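Next come the chains, spelled out residue by residue.
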Amino acid sequence: MPQTVLVTGGAGFIGSHTCVDLLHSGHEVVVLDDHSNSAPEALERIAKIAGRPIAAAHVADVRDRRALDAVFTSHPIDAVIHFAAKKAVGESVQIPLAYYDINVGGTTALVAAMHDHGVHRLVFSSSCSIYGDATTVPLTEESPAAPKNPYAMSKWTCEQILADLCRHVPELRVLALRYFNPAGAHPSGLLGEDPHGVPNNIMPFLTQIAVGRRDELSVFGDDYPTADGTGVRDYLHVVDVAEGHRAALDHIDDGPGMRTFNLGTGRGASVLELVRTFEEVSGRSIPYHVTARRPGDVAELVADPAKAAAAWGWSARRDLAAMCRDAWNFQQQNPSGYAP
Ligand code: UD1
């Protein structure tokens with residue numbers, strides 16, 4: 001059934017790819033985004049790829065109750081996908097209060113507005129970082145939460161608030177999706193990751209080196225208890241992540257209350273393996289040097305993605321080489337990102 005979906009953070013990296021997938025699937029899309037880490041241009045690109053535009057774009061902070069009320073009053077919203085949040089681990093250690101204010105305060109403002117306007121379906125962007133320093137991988141949804149930095153703690157706090165709300169508000173349905181490491185770009189080269197300032201995440205850092213905007217990669221530690229000593233992550237193509245959101249939306253009425261799902265591939269790659277794969281795919285060499293560990297980082301995070309596969313038939317279909325190829329394609333076609 002086509003629905004009208006509010007996508008907060010819809011101009012951002014994962015949000016924009018999800019908007020494309022929703023439009024392709026026949027849904028109407030309303031975006032709320034303050035463009036603090038995104039560009040309005042992404043919304044034009046979404047329309048170009050999907051062949052039709054989103055229904056409306058509201059430029060506002062997700063904590064702004066009046067703006068939220070205006071959105072819910074002017075559109076017949078059936079469900080909400082909530083991406084709008086801050087997401088840099090290192091930064092969260094520097095400015096933890098901003099992470100609690102925006103990530104937790106944004107979520108409670110949004111859910112309060114949903115409640116006031118009779119909207120009860122929410123897909124929430126959570127993170128594998130809530131598992132902290134995993135003692136066993138792969139991680140299932142039953143693995144204990146042990147957030148190691150304010151970013152992760154903010155996501156875990158939101159999950160707990162949402163789970164508790166679901167106990168008290170029987171009509172509320174929440175699917176929390178714990179992403180592992182989204183990377184890559186739309187294969188068209190029109191949409192991709194374009195962080196403001198110095199990239200925090202590794203893939204945009206690699207593409208910016210390859211295109212000549214940065215000199216070399218700092219590899220944050222080579223003394224982790226992993227095969228080559230560098231951090232291991234479960235990188236996941238952003239189009240697979242987008243498809244995961246559509247699958248979640250299709251199944252949100254399967255049951256009441258709050259349910260959590262990992263979105264990952266089940267396969268880990270080290271920093272050095274990622275660098276090698278990127279070099280092979282792009283034909284560019286990536287100079288790097290090893291520096292100290294980054295505060296808040298953990299050794300290894302790899303998903304057990306079986307639950308989403310069993311519940312929704314969703315699994316990641318694109319590999320690390322595809323992530324590198326598509327990220328590089330986006331960067332080559334947009335050397336300065338979305339900036340004109
Ligand atoms: C973190 C979160 C993840 C979240 C993501 C959102 C943790 C453990 N993970 O991912 O849940 O979805 O942010 O942005 O909190 N690296 C370098 N040099 C760099 C940048 C990164 O060596 O310049 C290394 C990191 O140490 C890590 C890997 O590359 O081992 C990936 O880092 P990054 O892309 O920043 O993602 P996470 O920190 O894993």
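For the structure, check the block above.
A brief structural summary. (Residues numbered from 1 in each chain as written. Predicted model: local features only at pLDDT ≥ 70, side-chain atom pairs only at ≥ 80, totals over all residues. Heavy atoms only, no water.)

1. A short note on the sheet that holds strand 12 (residues 269-270)
Read across the open sheet, the three strands follow the order 12-9-14; overall the sheet is mixed. The sheet is open, and its two edges are formed by strand 12 and strand 14 (300-301), each paired on a single side. Strand direction decides the pairing type here: strand 9 (residues 232-233) and strand 12, joined by two bridges, are antiparallel. Each residue of the ladder has a partner; that of valine 232, found in strand 12, is serine 270. (Pairing = 2+ DSSP bridges. Helix = DSSP H or I, 4+ residues; strand = E, 2+ residues; numbered from the N terminus.)

2. With respect to the packing of helix 1 (residues 13-24) against helix 2 (residues 41-50)
Taken N-terminus to C-terminus, the directions of helix 1 and helix 2 make an angle of 30°; their axes are 9 Å apart at the nearest point. When you trace helix 1 past helix 2, the crossing you get is right-handed. Together, Ser16, Cys19, Val20, Leu23 and His24 of helix 1 and Ala42, Ile46, Ile49 and Ala50 of helix 2 make up the contact between the two elements. Per-class residue counts for the contact of helix 1 with helix 2 are seven nonpolar, two polar and no charged. (Axes fitted to C-alpha atoms, helices over the stretch in contact; angles between N-to-C directions. Left-handed = near helix turned anticlockwise from the far one by under 90°. Contact = heavy atoms within 4.5 Å. Nonpolar A, V, L, I, M, F, W, Y, C, P; charged D, E, K, R; others polar.)

3. Remarks on the pattern of salt bridges
When the charged atoms of two side chains with opposite charge come close together, those side chains can pair. This structure, assessed with the given rule, holds 20 salt bridges. One salt bridge connects arginine 167 with aspartate 164, and the closest N-O pair in it is separated by 3.0 Å. Linking arginine 167 with aspartate 164, this pair stays in helix 6 (residues 150-168), spanning three residues, or about one helical turn. The exposure class of aspartate 164 is partly exposed, given its relative accessible area of 34%. Linked through salt bridges whose partners overlap, the residues forming this network are Asp240, Glu243, Arg317 and Arg318. (Salt bridge = Lys/Arg side-chain N within 4 Å of Asp/Glu carboxyl O. Buried < 20%, exposed > 50% of the residue type's maximum accessible area, 1.4 Å probe, protein only.)

4. Quick word on the environment of valine 104
With respect to the helices, strands and loops of the structure, valine 104 is situated in helix 5 (residues 96-116). Those residues within four positions of valine 104 in sequence are excluded, and the remaining contacts are Tyr99, Ser154, Thr157, Cys158 and Ile161.

5. Describing the site of the ligand
Within the structure, the ligand sits among 24 residues, and Ser127, Ser218, Arg233, Arg294 and Asp297 are positioned closest to it. Between the ligand and phenylalanine 220, the relevant distance is 2.9 Å, taken from an oxygen atom to a main-chain nitrogen or oxygen of the residue. Arginine 233 is positioned with one of its side-chain polar atoms (N or O) 2.5 Å from an oxygen atom of the ligand. When isolated, the ligand has an accessible area of 740 Å², and the protein chains bury 96% of it. Looking at the shell around the ligand element by element, the count peaks at four residues for strand 8 (residues 217-220). In the shell around the ligand, the residues fall into twelve nonpolar, eight polar and four charged. (Near = heavy atom within 4 Å. Polar contact = N/O pair within 3.5 Å; in protein donor to acceptor, adjacent residues only side chain to side chain. Areas by Shrake-Rupley, 256 points an atom, 1.4 Å probe, with all protein chains shown as cover.)

6. Details of helix 7 (residues 202-210)
Across the nine residues of helix 7, nine count as buried, placing the element largely inside the fold. Where helix 7 is concerned, the buried positions are Ile202, Met203, Pro204, Phe205, Leu206, Thr207, Gln208, Ile209 and Ala210. Those residues of helix 7 hidden inside the fold are in contact with strand 7 (181-183), strand 8, strand 10 (235-237), helix 9 (271-282) and helix 11 (320-333). A positive backbone phi angle near 95° is found at glycine 212, which sits one or two residues after helix 7.

7. Let's talk about the sheet that holds strand 5 (residues 121-127)
Pairing is parallel in the open sheet, where seven strands are placed in the order 3-2-1-4-5-6-11. Every interior strand has two partners, whereas the edge strands, strand 3 (56-59) and strand 11 (257-263), have only one. Direction aside, the axes of adjacent strands within the sheet are offset by 20° on average. Pairing geometry for strand 1 (residues 4-8) and strand 4 (residues 79-82), over four bridges, is parallel. Counterpart to threonine 8 in the pairing with strand 4 is histidine 82. Packing against the sheet, helix 8 (residues 238-250) makes contact with strand 1, strand 4, strand 5, strand 6 (173-179) and strand 11, and its axis sits at approximately 160° to strand 6.

8. Here we look at the environment of threonine 140
By the secondary structure assignment, threonine 140 is in the loop between strand 5 and helix 6. The class for threonine 140 is partly exposed, based on a relative accessible area of 27%. Not counting the four nearest positions on each side in its chain, threonine 140 is found in contact with Tyr131, Asn262 and Asp304.

9. A look at the environment of glutamate 243
Looking at the element boundaries, glutamate 243 is found in helix 8. Along the chain, glutamate 243 and tryptophan 314 lie 71 residues apart, while their C-alpha atoms are 7.8 Å from each other. Glutamate 243 has contacts with Asp21, Trp314, Arg317 and Arg318, leaving out every residue within four places of it along the chain.

10. Remarks on the side chain of aspartate 297
Its place among the elements puts aspartate 297 in the loop between strand 13 (288-291) and strand 14. Setting aside residues no more than four positions away along its own chain, aspartate 297 makes contact with Phe220, Tyr224 and Arg233.

11. Quick word on the pairing of strand 1
Burial of strand 1 is extensive: five of the five residues sit out of reach of the surface. Every second residue of strand 1 is oriented toward a common face, with Thr4, Leu6 and Thr8 on one face and Val5 and Val7 on the other, all of them buried. Handedness of the β-α-β unit built from strand 1, helix 1 and strand 2 (residues 28-33) comes out right-handed. (Right-handed = clockwise from strand over helix to strand, strands pointing away.)

12. Concerning helix 8
Taking 1.5 Å of rise per residue, 13 residues should cover 18 Å, and helix 8 covers 19 Å from first to last C-alpha, within 8% of that figure. Within helix 8, eleven of the 13 residues are buried, which leaves the element mostly enclosed by the surrounding structure. For helix 8, the complete set of buried residues consists of Val238, Val239, Asp240, Val241, Ala242, Glu243, Gly244, His245, Ala247, Ala248 and Leu249. (Expected span 1.5 Å × (residues − 1).)

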